[in-house]
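Here are the chains, one letter per residue:
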Amino acid sequence: MAEAADFQGMTPSPARRWMRRTGALLAGAPLLAGLLQLPTAAPTQAAGQDSVKAASGSGTVAVAVDSLTPSVPSDGDTLTVSGTVTNKGKQAVTDAQVDLRLGGALNTRSAIDRIAGRGDYQQGVDAAPVGGKYVKEFPKLTPGVSQHFNISVPVDKLDLGEDGVYEFAVSLSGETSARPWDQVLGIQRTFLPWQPDEADTKTRTTVMWPLISTAHMTAQTGSNESQTPVFRDDDLAKEIAPGGRLEQLVSLGTELDVTWVIDPDLLASVDAMTESYRVQGEGDATTAGTHQALAKQWLAELQEAVQDKEVVALPFGDPDLASLAHNGTNVTGSLSHLKEASDVAADTVDSILHVEPTTDFAWPVNGAVDPSIVKVATSAGADKIIARSDSLAETAGLPYTPSASRPVGGGTTAVVTDARMSTLFQGNLTRASSSTLAVQRFLAQSLALNLQTDNQRNVVVAPQRMPTASQARAMAEAVTALQDGTWSQSQDLTAAATAKPDSAATTQVPPVSKYPASLRDQELPRSAFRQIATTQDKLDKFKVILTNQDRVVTPFGRAMNREMSTSWRGRPAEAADYRNGVEAYVDSLAGQVTLIDKSETKLSGRSATIPVTVQNNLVQGVDHLVLRLTSSSPRRLEIGGERFFEQPVAVSGGHSQTVKFPTSAQANGQATVVAQLYTEDGQKYGAPVTFDVKVTEFTATVMLVIGGGFLLLVLAGFRMYTQRKRAAARAAEEDGAEETNEADGDPENPEGPEDRLTHEDLLEEESRTSARQEAPEQPSDPTPDTAAESADPSGTGERVDR
């Protein structure tokens, strides 16, 4: 009766629709008669619907709506719909026609969800065609071939009634050789928001615009004064290049009234690229980065885009709050890293973008919260938690969507984002048809929300953290249409969070047991936080010896913030590689300060010094180190008069320092000595060096024997000297006597009797000498005048051989 009334009414369009539906029913009469002659009928309603679908051939042709402009039509506009139809079947489609179908107004947001979830054409459920000249005809659709269509219809011809969201569909009907009658072979549904006049009450809508990326920088820096940063890869350059994901977000966001939500790590990484930087290659090799100009351009565009806009700074590296809450709180130091990441966020953003950001927001993954997540988030200073309505769900059965602000106790506010609107731009939106459907559905949900009540509300939209370039374009198109619409007005995130909350809205945070299992499976494991704690412990032991700690503490601190990043979700292998790389690098730096190995050492004498060398291959000096030398056998070898002895060590960068230790030998033999570096607080530093010391000490008796032998040698030498001197004197006397004999009778030199040896005297002396030579040696005879000369080497004295 309603349709008959429309036929007799004021406008011709409803009449045409009635005629079209009547013709469809008459055309289906033979088919209905044939079905009645079947042996059995479909036993259930679902089976009956399947029969209708099969009979109509719905789904044979794919219908894609590539554009619908304007997205939100108004009086006097012309609605233009364009797209493609593709024959996916094996038979050609003849007498094909593309129709526009306008359904009734949808009264609820859930009704929009139901329409969006429907598949093939359903006769009697889907709206009738608009008809008339607002069609596109194709004589034939060849299998596998796509055909483009473009249909424009004045909005006035659609007979849109009251404000609301209307179901809008594009269908294709035609015939095949197997089914030679007119039937719907494909359909695509979307929505048409209709609010031609300004709404009496507008929804205050906040759109979060995220600038977040994965971890790109390592802990490694160059040895030069500027500490050239080293990147894991050069993928960040692709993201900020024209057409890249981050370039699109900045370019599109410039024209939008949104709240920028930024990870300071991204800004720090791009800022590092504006100067000299290196990129890791194969093994330990690095190559020079070449995208300085690109980084400068992107930062300049971002600085301009955020002027006079609200900027929310997340903690540095965007830590995974849920992973921390569920797996990290029992690991020492995990919450300290979160606090550090929060503390450096504001300064990082301010120094690069020259705007003062807001830092009191925490954003768990997908807005999923439980009490432990709220506790962790607030521990770092945040008092506003960005939750989502599918986590903090309504339990009071409200007929409308309440405002975003919810007090959840302890001075903490949950800012509940709208799940329907926040999740519409996920998936593959590279195809124009997918993007168009997401935009129209977003607008439809926004308008339906505004029409729920006359009370003004605050709604927040939080899309995925890292939208693709195509997702960003679809988001920008939807936000632009919304901001140009008549039922919504823009608002900052802080204003939404501090607005008066709805007293009827739920404020109960769901328990830990309600946290989604799919999200829990992606969390960082407890072993990850243990490894981070191990790396921090190694860094703490290393930094105390440095003369310039900031060169190491800052890059490692930021790297450990990145180790807890939300971006590692779904990438456990890459996350482990990054953690391993950071830990290995701190090990390699600490290993640059080491003891040089020593071979066996020989100690001759009662006391000596043992040298031990400390090598520093770092570019900066080290101090606050103590070198301890310990004897394993103090009864044999003492060091500094004790079992061990310590000395302070300070070594300049790129140099070595030799430390000498006094030792004393107590007995002969071999002793094992251990050299170990310690920090001033008594912690061992580096690996010890162990070597053997061989003690060869001389006793007092041996020294007396050696001294006596030396004295005998001196005396024997003196005896030989005197005997030779006497023999020389006697020879001289004999020579004088002979000369006197020759001069006998010389009147000038007469010689007295007392000066001459008689012949008898000479004979007597010769007889005595001959007797001594022939007489055998008696036991009582004195020892020889000289001792035998020793062939042994002389004493070496004290020495330490290496």
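**Student:** Mind showing me how you'd approach the pairing of strand β18 (residues 412-417) here?
**Tutor:** In the case of a regular strand, side chains alternate between the two sheet surfaces. In terms of burial, β18 is a largely internal element, six of the six residues being buried. Direction of pairing for strand β16 (residues 384-388) relative to β18: parallel, over a ladder of five bridges. What sits directly across from Arg388, in β18, is Thr417. Note that strand β17 (residues 405-409) and β18 share four bridges and pair antiparallel. When the sheet's bridge partners are listed, Pro407 is paired in β18 with Thr413. Taking the residues that link successive antiparallel strands as the turn, the β17-β18 hairpin has two residues, and the phi of Gly410 there is positive, at about 65°.

**Student:** Which parts of the structure should I look at to understand empty space enclosed by the protein?
**Tutor:** The gaps of empty space that remain are located by a probe, the size of a water molecule, rolled over the atoms. For the coordinates displayed, the defined rule picks out three cavities of 30 Å³ or more. Roughly 60 Å³ of internal volume is contained in the largest cavity. Every residue along the wall of the largest cavity is listed here: Val207, Met208, Trp209, Phe425, Phe442, Val461, Pro463, Met475 and Val479. If you list the elements that add at least two residues to the lining of the largest cavity, you get β8 (203-211) and α16 (469-483). For the lining of the largest cavity, the class distribution of residues is nine nonpolar, no polar and no charged. What the second largest cavity holds in volume is close to 50 Å³. If you go around the second largest cavity, the residues you meet are Thr205, Val207, Val479, Leu482, Gln483, Ser488, Gln489 and Ser490. Of all elements in the fold, only β8, α16 and β20 (488-490) reach the threshold of two or more residues within the lining of the second largest cavity.

**Student:** I'm lost on the pattern of salt bridges in this one. Help?
**Tutor:** Opposite charge on two side chains lets them pair, provided their charged atoms get close. Applying the stated criterion to the full structure yields 24 salt bridges. Here Lys384 ties to Asp360 by a salt bridge, and the two come within 2.9 Å at their closest N and O atoms. Of the two residues, Lys384 is situated in strand β16 and Asp360 in the loop between α12 (345-353) and β15 (361-362); the sequence distance between them amounts to 24 residues. With its nearest N and O atoms 3.9 Å apart, the salt bridge here joins Glu523 to Arg569. With Glu523 in the loop between α18 (517-520) and α19 (526-543) and Arg569 in the loop between α20 (550-563) and α21 (572-590), this residue pair connects regions lying 46 residues apart in the sequence. Look at Glu523 and you get buried, because its relative accessible area is 10%.

**Student:** I'm lost on a nonpolar patch on the surface in this one. Help?
**Tutor:** On the surface, Phe710, Leu711, Leu712, Val714 and Leu715 cluster together to form a nonpolar patch covering roughly 520 Å² of accessible area. By secondary structure assignment, the location of Leu711 is in helix α22 (residues 700-742).

Criteria and thresholds
Residue numbering note: each chain is counted from 1, following its sequence as written. At least 70 in pLDDT is required for a residue's local features to be given in this predicted model, at least 80 for side-chain atom pairs to be given and counted, and no such filter applies to totals for whole chains, interfaces and linings, which use all residues. Heavy atoms from the whole structure form the basis of all side-chain values; hydrogens and water molecules are not counted. The rule is simple: take the accessible area with a 1.4 Å probe, protein chains only, and divide by the maximum for that residue type; under 20% is buried, over 50% is exposed, in between is partly exposed. Elements are defined by DSSP. Helices are runs of H or I of four residues or more, strands are runs of E of two residues or more, and each kind is numbered from the N terminus. Strand pairing requires that DSSP identify at least two bridges connecting the strands. Both cavities and pockets are sets of points on a 1 Å grid over the protein atoms alone; in a cavity a 1.4 Å probe fits but cannot get out, in a pocket the set is open with protein on both sides within 12 Å along at least five of seven lines, and lining residues sit with an atom within 4 Å of a point. Grid points are joined across faces, edges and corners, and a volume is the space filled by probe spheres set on the points. Following the grouping adopted for this structure description, the nonpolar residues are Ala, Val, Leu, Ile, Met, Phe, Trp, Tyr, Cys and Pro, the charged ones are Asp, Glu, Lys and Arg, and the polar ones are all others, Gly among them. Every case where a carboxyl oxygen of Asp or Glu lies within 4 Å of a side-chain nitrogen of Lys or Arg is listed as a salt bridge. Like-charged residues within 9 Å of one another, or nonpolar side chains (Val, Leu, Ile, Met, Phe, Trp, Tyr) within 5 Å, are grouped into patches, provided each residue has over 30% relative accessible area and no salt bridge. A 1.4 Å probe and the Shrake-Rupley method give the accessible areas. Residues count as covered only by the protein chains that appear here.

Function-wise, these values are silent; they only describe arrangement.
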